[in-house]
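Report on the structure
Each chain, written out:
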Amino acid sequence: MKRFFVLLLFFPLLISAQSQEQKVLGYNVGFGALTSGLGAVINKKKAENWKTSFLRGFWQGSIGGLINYSAKKTIYYVDEKDNLAYALLARLISSAGNSIIQNAAFNEPFLTNWNLEYGFLRFDYSINSVKKFKVRILPASVIGTALALPKGRLDIGATLLSGMMVFHSKELINTLNNKHDGINYGRAMVYYGDTLRYHIISHEIIHEYQYREYLVFNSYLKKEMPKIKESGLKRWITKYIYPDLPYFGLFYTLMGVESGPRYFKNYFEFEAERFATNRYVRTN
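Before going into details, it helps to say that this report is about the structure given with it. Note that the structure is predicted; figures quoted are calculated from it, not measured.

Reading the values: rules and limits
Residues numbered from 1 in each chain as written. Predicted model: local features only at pLDDT ≥ 70, side-chain atom pairs only at ≥ 80, totals over all residues. Heavy atoms only, no water. Core = buried A, V, L, I, M, F, W, Y, C linked by side-chain atoms within 4.5 Å. Buried < 20%, exposed > 50% of the residue type's maximum accessible area, 1.4 Å probe, protein only. Helix = DSSP H or I, 4+ residues; strand = E, 2+ residues; numbered from the N terminus. Polar contact = N/O pair within 3.5 Å; in protein donor to acceptor, adjacent residues only side chain to side chain. Axes fitted to C-alpha atoms, helices over the stretch in contact; angles between N-to-C directions. Parallel < 35°, antiparallel > 145°, perpendicular 65-115°, else oblique. Left-handed = near helix turned anticlockwise from the far one by under 90°. Nonpolar A, V, L, I, M, F, W, Y, C, P; charged D, E, K, R; others polar. Salt bridge = Lys/Arg side-chain N within 4 Å of Asp/Glu carboxyl O.

1. Comments concerning the nonpolar core
Membership of the largest hydrophobic core comes to 43 residues, with the highest contact counts inside it found for I75, I201, I205, Y214 and F268. No other element matches helix α7 (residues 197-213), which puts six residues into this core. Of all hydrophobic cores here, the second largest spans seven residues; its members include A148, M165, F167 and A188.

Quick look at the structure:
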């Protein structure tokens, strides 16, 4: 089991030798396959062979990863066509991919559970559940919005079409004595200027997609949740809150961030720029 976690941790580095298009395709398909396969093993029934569980989760997760790749490719057209409507289409495609990956990691029957995250809310639909629909609040979206709010004004059109909170700043954004034309708070973004508006928004949307993809790790806690003592608070949290924990932040930090031409050696920055431009991205 530990080997699986080590593989997940260093997976972006393992595919670095490939061409750029193969690299982003391999990462998205591979990430979906590995995380779903491992989740399926964690959540398997006692009598089930772990190899069977892993292979089932693996092939289902690879489909979800391929769909996520397609969603990110769709984001390219936001900047290419100067049209944020493509972001809405990409959000629906990405939601389908994440749903398949998370469902596989839960070791549930194929295509059983679906979800859509939009703004502050997560919408869940389960075919087999007694209560088929759930609507819950995303705390990270609320926190991200609170952090972004002082730095700009709400861009209503971009927010509605992207599905994440978008703010427009009249000046470069200051962070730790550095100035940026775009910044992402996990579930909310701030961008500066109008000339590169679509490019910056596209880049930050990809970061939000990355954040959501890592929520697959919530499925690994499926067997642990019932062990928490039942209480009114637990029932309230379970009913109204979805724990969109910042797993992605840990992996992003471990990749490291350098300045200048080496900035895109961080895989997640490379991927965001690659899907925002669909052009070769220099990493050294």
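Additional details are given in the paragraphs that follow.
2. A short note on the side chain of S169
With respect to the helices and strands, S169 occurs in strand β5 (residues 165-169). One polar contact links the side chain of S169 to the main-chain carbonyl oxygen of K151, over a distance of 3.4 Å. From its side chain, S169 meets the backbone oxygen of E171 in a polar contact 2.6 Å long.

3. Looking at the packing of helix α3 (residues 50-81) against helix α4 (residues 85-105)
The interhelical angle for the contact between α3 and α4, taken along N-to-C directions, is 165°, at an axis separation of 8 Å. Comparing their axes, α4 and α3 come out roughly antiparallel. With respect to the hand of their crossing, α3 and α4 are arranged in left-handed fashion. When the residues that make up the contact of α3 with α4 are grouped by side-chain class, the tally is 15 nonpolar, twelve polar and one charged.

4. Some words on the pattern of salt bridges
Following the criterion strictly, the structure yields 15 salt bridges and no others. A salt bridge links K72 to E213; its shortest N-O distance comes to 2.9 Å. Of this pair, K72 sits in helix α3 while E213 sits in helix α7, and the two are 141 residues apart along the sequence. A salt bridge links K72 to E271; its shortest N-O distance comes to 3.1 Å. Remark: E271 occurs in helix α10 (residues 267-277) and K72 occurs in helix α3; sequence separation between them is 199 residues. Judged on exposure class, the residue K72 and its partner E271 are both buried.

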